[in-house]
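Listed here are the chains, written in short residue letters.
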Amino acid sequence: MAQASLPDWISAISQLAFLLIFLMLFLGVNQRFQIYMWSRDIKAKLLVLENMAKESETKAVEYMLRHNARDPKGILAKVKDFFLIEPVSIEPIDIIKRMDHLFTIRRAVFRREFEKAMPEADEVARSRAETAAEIASALNWIYKVVRHLLLTGEKTKNWILIMQLQLIMPQILKIAEAYKKALNDFIKGTPIGDSAGPIVALRLAGQGSEWREIEEETVATSTVIEGRKVYIVKARGPGSSVGKPGAATEKLIEELVARGEKPSLMITVDAALKLEGEETGSVAEGVGAAIGDPGPEKIRFERIAVKHGIPLKAVIIKMGLEEAIQAMAKSIYEGSLKAEERVRQLIREETREGDTVVVIGVGNTIGVGQ
Amino acid sequence: MAEDVTWIQPLLLMIALGTVIMLTLKQARDLKKLQEGTGSKERIITLIDCGEDRKERDFKEGDYIGKQVDECLNGVIVGIYAVKEEKGKTKAKPRRAAP
């Protein structure tokens, strides 16, 4: 009995298709197809990044308008394109001073612009607007860099570049997503993960302490903890600011030494990036200056400690990058309580009654007053 | 008698085509998720120290740690943090927190 078989034309077409696929493998068409698929994937994700950048700009402008800002779009455009040229590093002499000078100018320019644009708003609202504009600018920058790499890869037929970009896109999107969420939290004014250091400082000082402005946007107070005089430094809150903790500590210690009150211990408390797998909010202790600045503030801690022979200790609260810039998670808040206890323990164990100690709560003080 | 196997080739082509279509649809779905944002919902809690006990309530704009509030005698905000919102849970009323 004759078996039922497929019509000849289907068989011919499928054989031809297999032959073509086989030939294309030798001509590198498969690779081109792969590149095409990668580019398509990047373009689709680029669209997501573009939407995030636009959405964040809209939110920043809306926030500024709520505080009667003049020409918020204009100021945002200025912040977006503002740049800072890093100082010459092949001649390292006085590089820290040069860097500090440039950062100070940048900060002053931003502050002036926002004061002009939002004359009716208070300092807290202005600082939040400034941070919102910076986040919108960061998202726009991420979008522009990805677009640049994609277009360069396509233009120069650089398959490796496109492949690398496609592989790293999930990570880039994760960072962009974190910034997008951070913008909402900054606008609301909630403490972020990075505020753990200022929280510890505030808790050590206690309610009702008299704070004085010792440096630009940085305050200091003193208290007595188990018979030790403890000086505490943090950025001035509850606006979005990191202050100048290094400069403030340097000034404070020089004042203390001048009146014969040389500190026996310096402790910096800050949020620090954890390694994947580590527990968020866990606390660790070490030696050195815990601060994530590019150099000018950190070096001040080290120099003043070395100049007067003061032991420099660090207590860190561990968290992920996203957690550091988003609303403080409960585990980080609990970590700050543990860090406070660790600081008290250090003071007890490493100093004697009557000694002087300086504790610096490093980090953005948004949502943390004094 | 040898079986007719000519249907295998078109079947393989159909499977390959089906896989490509499924992958394309998956990619489109992933992108849609990205557009919508993957972040889970969270609630911001303000923790108020009322001296002998502590009170929790939802965060209000203007709250900050160290702020004195008149929701209880000598009330001070001592903590503000985010907690992941559980599915199907509605907004909680202010309640006493563990000291």
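Below you will find a few notes about this structure.

Rules used in this analysis
Residues numbered from 1 in each chain as written. Chains lettered and ligands numbered in written order. Predicted model: local features only at pLDDT ≥ 70, side-chain atom pairs only at ≥ 80, totals over all residues. Heavy atoms only, no water. Helix = DSSP H or I, 4+ residues; strand = E, 2+ residues; numbered from the N terminus. Buried < 20%, exposed > 50% of the residue type's maximum accessible area, 1.4 Å probe, protein only. Contact = heavy atoms within 4.5 Å. Phe/Tyr/Trp six-rings, centres within 6.5 Å; stacked < 30°, edge-to-face > 60°. Lys NZ or Arg CZ within 6 Å of the ring centre and 35° of its normal. Buried area = accessible area lost by both parts, 1.4 Å probe. Salt bridge = Lys/Arg side-chain N within 4 Å of Asp/Glu carboxyl O. Polar contact = N/O pair within 3.5 Å; in protein donor to acceptor, adjacent residues only side chain to side chain. 1 Å grid on protein atoms, 1.4 Å probe; cavity = no way out; pocket = protein on both sides within 12 Å on 5 of 7 lines; lining within 4 Å. Points joined across faces, edges and corners; volume = space filled by probe spheres on them. Nonpolar A, V, L, I, M, F, W, Y, C, P; charged D, E, K, R; others polar.

Our next topic: the environment of A:Lys338. All names here are of chain A. Summarising the element assignment, Lys338 is placed in helix H11 (residues 330-350). Lys338 sits in the partly exposed class, given a relative accessible area of 45%. With 95 residues separating them along the chain, Lys338 and Gly243 place their C-alpha atoms 24 Å apart. If we skip the residues at most four places from it in the chain, Lys338 touches Gly281 and Val283.

All names here are of chain A. Applying the stated criterion across every chain, the model contains four aromatic pairs over all chains. Seen in terms of ring centroids, Phe82 and Phe110 are 5.3 Å apart; in terms of plane orientation they differ by 85°. Their pairing is edge-to-face. Here Phe82, found in the loop between helix H3 (72-81) and helix H4 (95-117), pairs with Phe110, found in helix H4; they are 28 residues apart in sequence, far enough to count as distant. With relative accessibility at 32%, the residue Phe82 sits in the partly exposed group. A cation over an aromatic ring shows up here: Arg106 above the ring of Phe110, its NZ or CZ 4.5 Å from the ring centre. Stacked on the ring of Trp211, the Lys or Arg Lys234 has its end atom at 5.9 Å from the ring centre.

Residues and elements named next belong to chain A. A cis amide bond, omega 5°, links Gly237 with the succeeding residue Pro238. In this structure, Pro238 sits in the loop between strand E3 (228-235) and helix H8 (245-258). Despite not being glycine, Lys157 has its phi angle at roughly 55°, a positive value. Looking at Lys157, the relative accessible area reads 63%, which means it is exposed. With a phi angle near 45°, Glu226 is a residue other than glycine that sits in the positive phi range. You can see Glu226 is positioned in the loop between strand E2 (218-225) and E3. Judged by its relative accessible area of 40%, Glu226 falls in the partly exposed class.

A word on the interface of chain A and chain B. Interface size is commonly expressed as the accessible area that is lost once the parts come together. Each partner contributes to the interface: chain A provides 42 residues, whereas chain B provides 36 residues. Summing the contributions of chain A and of chain B, the shared interface buries around 3000 Å²; its carbon and sulfur component is 60%. Applying the counting criterion to the chain A and chain B interface returns two salt bridges. With a shortest N-O distance of 2.7 Å, A:Lys181 and B:Glu42 are connected by a salt bridge. In this assembly, chain A and chain B are joined by seven residue pairs in polar contact (both at pLDDT 80 or more).

Residue and element names in this part refer to chain A. Tallied over the full model, the rule gives 37 salt bridges over all chains. In this structure, Glu113 and Lys78 form a salt bridge, with 2.7 Å as the shortest nitrogen-oxygen distance. Taken together, the positions of Glu113 in helix H4 and Lys78 in helix H3 put the pair 35 residues apart, joining distant regions of the chain. The salt bridge involving Arg259 is made with Glu261; its shortest N-O contact spans 3.0 Å. Three or more residues joined by partner-sharing salt bridges are found here, namely Asp100, Glu250, Glu297 and Arg300.

Our next topic: empty space enclosed by the protein. If you roll a probe as big as a water molecule over the atoms, it shows you where there is empty space left. All names here are of chain A. The full count for this structure, using the stated rule, is one cavity of 30 Å³ or more. What the largest cavity holds in volume is close to 40 Å³. Lining the largest cavity we find Ile75, Lys78, Val79, Phe82, Val109, Phe110, Glu113 and Phe114. Contributing elements (two or more residues each) for the lining of the largest cavity: H3 and H4. Sort the elements by how many residues they give to the lining of the largest cavity and H4 lands first, with four residues. Split into classes, the residues belonging to the lining of the largest cavity amount to six nonpolar, no polar and two charged.

With that settled, the discussion passes to the side chain of A:Glu57. All names here are of chain A. With respect to the helices and strands, Glu57 occurs in helix H2 (residues 29-66). Within polar-contact distance, the side chain of Glu57 engages the side chain of Lys80 at 2.9 Å. Dropping the residues within four chain positions of it, Glu57 is found in contact with Leu76, Lys80, Ala136 and Asn140.

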